[in-house]
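A look at the structure
Read off the chains here:
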Amino acid sequence: MAIFKILPSVDPNVIGYVDTQMDDWIGDYNYLAPYSYRNIPLSGEIKFDLKFPTFKLHSAAKKTDLLQNKFSKGQTLLLSPKAKALFEKHHLDNTQWYSVEVLHIHRRMEYFILYMPNDRQSELINWSASSFAVVHRKEFNYEGGVMRPIEIASLSLNSFEEYLSEMRSLRDTEYIVRLKKAALVDNIEFDLFKMGGPLRGFFCSVHLKTAIEEAGLTGFRFEPVHG
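As a starting point, this report considers the structure included with it. From a predicted model like this one, the values you see are computed outputs, not experimental measurements.

What follows concerns the pattern of salt bridges. Counted according to the given criterion, the structure contains eight salt bridges. With its nearest N and O atoms 3.9 Å apart, the salt bridge here joins Lys56 to Asp23. Placement of the pair is Lys56 in strand S3 (residues 54-57) and Asp23 in strand S2 (residues 22-26), with a sequence separation of 33 residues. The class of Lys56 is partly exposed, set by a relative accessible area of 32%. Accessibility expressed as a relative area gives 26% for Asp23, which makes it partly exposed. Via salt bridges that share partners, Asp93, Arg120 and Glu123 belong to a single interconnected network.

In structure tokens form, the structure reads like this:
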């Protein structure tokens, strides 16, 4: 089954002629408080009383069903009620939803933060069929209009534990492990799931991708995961 990484659109015809849709947050909000969104974990269930400020879009931004959310650092998706309703008709991995307010010019709108506590890279990446390399952290070659890190050696890994071990062994060096080609296991049961390194992000099935497109939901961009 084809799997796609979900990314926010960068098309100015979709999001408006802005660098990012999100401007700032407003209201009486303590970023350093225990309830702050800065305390959202990289993985694992959110067990504290998480609260969000009112987010504000740039006036030149267009409202979309998936909004760029620069404050979450890729840990959440910011979705319209219409997108939430469509997602919940599909088979999702464990979810935590939070209602938030988004201000656009003078209009206040309800949106939803989606957080998924499970990182599924350990069981959903086909490690032995994927390829890796040890590369320089800061030295690059310019190839075909793209900056690519200089590769030192190819690397074969058979599990997430081996990946973590290699990463730890290189921690104090000028090198890092890079995923060259990702392969996923067959018959993934989820229509939406999250993974951490080395293939970090939110991923969906072709079924959910098709449903998003057929429903006319805006703000989505899909990047295929090639096995």
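Here we come to the sheet that holds strand S1 (residues 3-8). Ordered by their spatial adjacency, four strands build an open sheet running S11-S12-S1-S13, and the pairing between neighbours is antiparallel. Unpaired on one side and paired on the other, strand S11 (192-195) and strand S13 (220-224) mark the two borders of the sheet. Along the sheet, successive strands turn relative to each other by an average axial angle of 40°, direction set aside. Together, S1, S11, strand S12 (201-205) and S13 form the strand contacts of helix H5 (residues 206-214), whose direction differs from that of S12 by roughly 85°.

We now examine unusual backbone geometry. With an omega of 10°, the peptide bond running from Gly197 to Pro198 counts as cis. Mapped onto the elements, Pro198 comes out in the loop between S11 and S12. Even without being glycine, Ile105 reaches a positive phi, approximately 60°. Along the polypeptide, Ile105 turns up in the loop between strand S6 (96-104) and strand S7 (107-115).

The next point concerns the environment of Glu189. Looking at where Glu189 falls in the secondary structure, it is placed in the loop between strand S10 (175-181) and S11. Separated by 182 residues in sequence, Glu189 and Leu7 place their C-alpha atoms 21 Å apart.

What follows is about the pairing of strand S8 (residues 131-143). Note that S8 and S10 share six bridges and pair antiparallel. Bridging across to S10, Ala133 finds its partner in Arg178. Relative to strand S9 (residues 146-155), S8 runs antiparallel, the two sharing eight bridges. Each bridged residue has a counterpart across the sheet, and for Ala133 the counterpart in S9 is Ser154. Taking the residues that link successive antiparallel strands as the turn, the S8-S9 hairpin has two residues, and the phi of Gly144 there is positive, at about 60°.

Our next topic: the environment of Cys204. For Cys204, the position within the fold is in strand S12. Distance in space between the C-alpha atoms of Cys204 and Lys180 is 21 Å, their sequence separation being 24 residues.

Across the sheet, six strands lie side by side as S2-S3-S6-S7-S5-S4; this open sheet has mixed pairing. Each edge of the open sheet carries a strand with a single partner, namely S2 and strand S4 (66-67).

Further remarks concern the packing of aromatic side chains. Summed over the entire model, instances satisfying the criterion amount to 18 aromatic pairs. Between Phe87 and Phe220, the ring centres sit 6.2 Å apart and the planes meet at 40°, which makes this aromatic pair tilted. Of this pair, Phe87 sits in helix H2 (residues 81-87) while Phe220 sits in strand S13, and the two are 133 residues apart along the sequence. Look at Phe87 and you get buried, because its relative accessible area is 0%. Phe220 sits in the buried class, given a relative accessible area of 12%. Through pairs of rings, three or more aromatic residues link up here, namely Trp25, Tyr29, Tyr31, Tyr35, Tyr37, Phe52, Phe55, Phe71 and Tyr98. One cation-aromatic arrangement involves Lys51 over Tyr35; the distance from NZ or CZ to the ring centre is 5.4 Å.

What follows deals with H5. Where H5 is concerned, the buried positions are Leu208, Lys209, Ala211 and Ile212. Projected onto a plane normal to the axis of H5, the buried residues spread over an arc of 165° and lie on a single side. In this structure, the buried side of H5 is in contact with S1, H2, S11, S12 and S13.

Rules behind the numbers
- Residues numbered from 1 in each chain as written.
- Predicted model: local features only at pLDDT ≥ 70, side-chain atom pairs only at ≥ 80, totals over all residues.
- Heavy atoms only, no water.
- Salt bridge = Lys/Arg side-chain N within 4 Å of Asp/Glu carboxyl O.
- Helix = DSSP H or I, 4+ residues; strand = E, 2+ residues; numbered from the N terminus.
- Buried < 20%, exposed > 50% of the residue type's maximum accessible area, 1.4 Å probe, protein only.
- Pairing = 2+ DSSP bridges.
- Axes fitted to C-alpha atoms, helices over the stretch in contact; angles between N-to-C directions.
- Contact = heavy atoms within 4.5 Å.
- Phe/Tyr/Trp six-rings, centres within 6.5 Å; stacked < 30°, edge-to-face > 60°.
- Lys NZ or Arg CZ within 6 Å of the ring centre and 35° of its normal.
- Arc of directions from axis to C-beta.

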